[in-house]
Amino acid sequence: QVQLVESGGGLMQAGGSLRLSCAASGRTFSSLGMGWFRQAPGKEREFVAGINWSGGSTYYADSMKGRFTISRDNNKKTVYLQMNSLKPEDTAVYYCAAHTAPYGTIVPVTTTRFGYWGRGTQVTVSS
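Novice: Residue-level account of the overall build of the protein chain, with values.
Specialist: Helix and strand content of the protein chain: zero helices and eleven strands. If you list the helices and strands of the protein chain from N to C, you get β-β-β-β-β-β-β-β-β-β-β. The globule rule puts the C-alpha radius of gyration for 127 residues at 14 Å, and the 13 Å found for the protein chain is close to it. The buried share of the protein chain, reckoned over its 127 residues, is 43%. Considering only contacts in the protein chain between residues 6 or more positions apart, those separated by 24 or more positions represent 59%. With an accessible surface of roughly 6500 Å², the protein chain has 47% of that area assigned to carbon and sulfur atoms.

Novice: Requested: an account of the pattern of salt bridges, with residues and values cited.
Specialist: As enumerated under the stated definition, the model contains four salt bridges in all. Of the charged contacts, one joins E46 and R38 as a salt bridge, the two residues approaching to 2.6 Å between their closest N and O atoms. A relative accessible area of 35% means that E46 is categorised as partly exposed. Of the residues examined, R38 reaches a relative accessible area of 6% and is grouped as buried. Here D90 makes a salt bridge to R67, at a shortest N to O gap of 2.7 Å. Taken together, the positions of D90 in the loop between β8 (78-83) and β9 (92-99) and R67 in the loop between β6 (58-60) and β7 (68-73) put the pair 23 residues apart, joining distant regions of the chain. Summarising the burial analysis for this pair, D90 and R67 share the class buried. Beyond isolated ion pairs, a larger network of salt bridges with shared partners links R38, E46, R67 and D90.

Novice: Let's hear about the packing of aromatic side chains: which residues, and what values?
Specialist: Per the stated rule, a full pass over the model turns up five aromatic pairs. Judged by centre distance (5.6 Å) and plane angle (75 degrees), the ring pair of F37 and F47 falls under edge-to-face. You can see F37 sitting in strand β4 (residues 33-39) and its partner F47 sitting in strand β5 (residues 46-51), a full ten residues away along the chain. On the basis of relative accessible area, F37 is assigned to the buried category, the value being 0%. On the basis of relative accessible area, F47 is assigned to the buried category, the value being 11%. Taken together, the ring pairs in this structure connect F37, F47, Y59, F114 and W117 into an aromatic cluster. For the cation-ring pair, R72 lies above F29, with the distance from its terminal atom to the ring centre recorded as 4.3 Å.

Novice: Describe the nonpolar core, and please don't skip the residues or the numbers.
Specialist: If you look at the biggest cluster of nonpolar residues, it comprises 34 residues, and the most contacted ones within it are L4, M34, W36, V79, L81, M83 and Y94. Elements with a contribution of two residues or more to this core: β3 (18-25), β4, β5, β7, β8, β9 and β11 (121-126). If one sorts the elements of this core by residue count, β9 sits on top with five residues. L4 has contacts with C22, A23, A24, M34, C96, A97, A98, Y116, W117, G118 and R119, leaving out every residue within four places of it along the chain.

Calculation notes
- Going along each chain's sequence as written, the residues are numbered from 1 onward.
- Since the coordinates come from a predicted model, pLDDT governs what is reported: local features require at least 70, and pairs of side-chain atoms require 80 or more to be given and counted, while whole-chain, interface and lining totals use all residues.
- Excluded from the side-chain calculation are hydrogens and water; included are all heavy atoms of the structure.
- Only DSSP runs of H or I reaching four residues or more are called helices, and only runs of E reaching two or more are called strands; each is numbered from the N terminus.
- Using C-alpha atoms as the atom set, the radius of gyration is obtained and then compared with a globule rule of 2.2 Å times the number of residues to the power 0.38.
- Burial status follows relative accessibility: with a 1.4 Å probe on protein chains alone, a residue under 20% of its type maximum counts as buried, one over 50% as exposed, and anything between as partly exposed.
- By definition, residues are in contact when any of their heavy atoms lie within 4.5 Å.
- Throughout, the Shrake-Rupley method with a 1.4 Å probe supplies accessible areas, and for residues the shown protein chains are the sole cover considered.
- The salt bridge criterion pairs a side-chain nitrogen of Lys or Arg with a carboxyl oxygen of Asp or Glu, the two atoms within 4 Å.
- For Phe, Tyr and Trp, rings pair up if their centres lie within 6.5 Å, where Trp contributes its six-membered ring, and each pair is then called stacked (planes under 30 degrees apart), edge-to-face (over 60) or tilted (otherwise).
- Two conditions define a charge located above a ring, namely a distance within 6 Å from the ring centre to NZ of Lys or CZ of Arg, and an angle within 35 degrees of the ring normal.
- Residue types Ala, Val, Leu, Ile, Met, Phe, Trp, Tyr and Cys, when buried and joined through side-chain atoms within 4.5 Å, form a set referred to as a nonpolar core.

Structure (structure tokens):
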């Protein structure tokens, strides 16, 4: 079992920055591939960014490229999402997710590939 707890969400004005954190427990963190997803009201959950077990491979949704950065600290068992140049359309609940599949350098982008989820943290960006 893997437990994931997100933190760092909040209210921010457009153009501002936030850093989300996701602390993992229950399994060797360095064996987990990690991802961030988000879900806005009335919309499906969508992929934001992912990172492989070592941190050597990352992947971003097109609308996040250049603004968001995913990283991980295997010693702290934590994955981060640095969000810059926030826009009102970034408003959503952000979820941390983990998978144990041996994808190597491949970063999955679909919700079905991730077996473990946090409860989410709300990010609200005002205009």
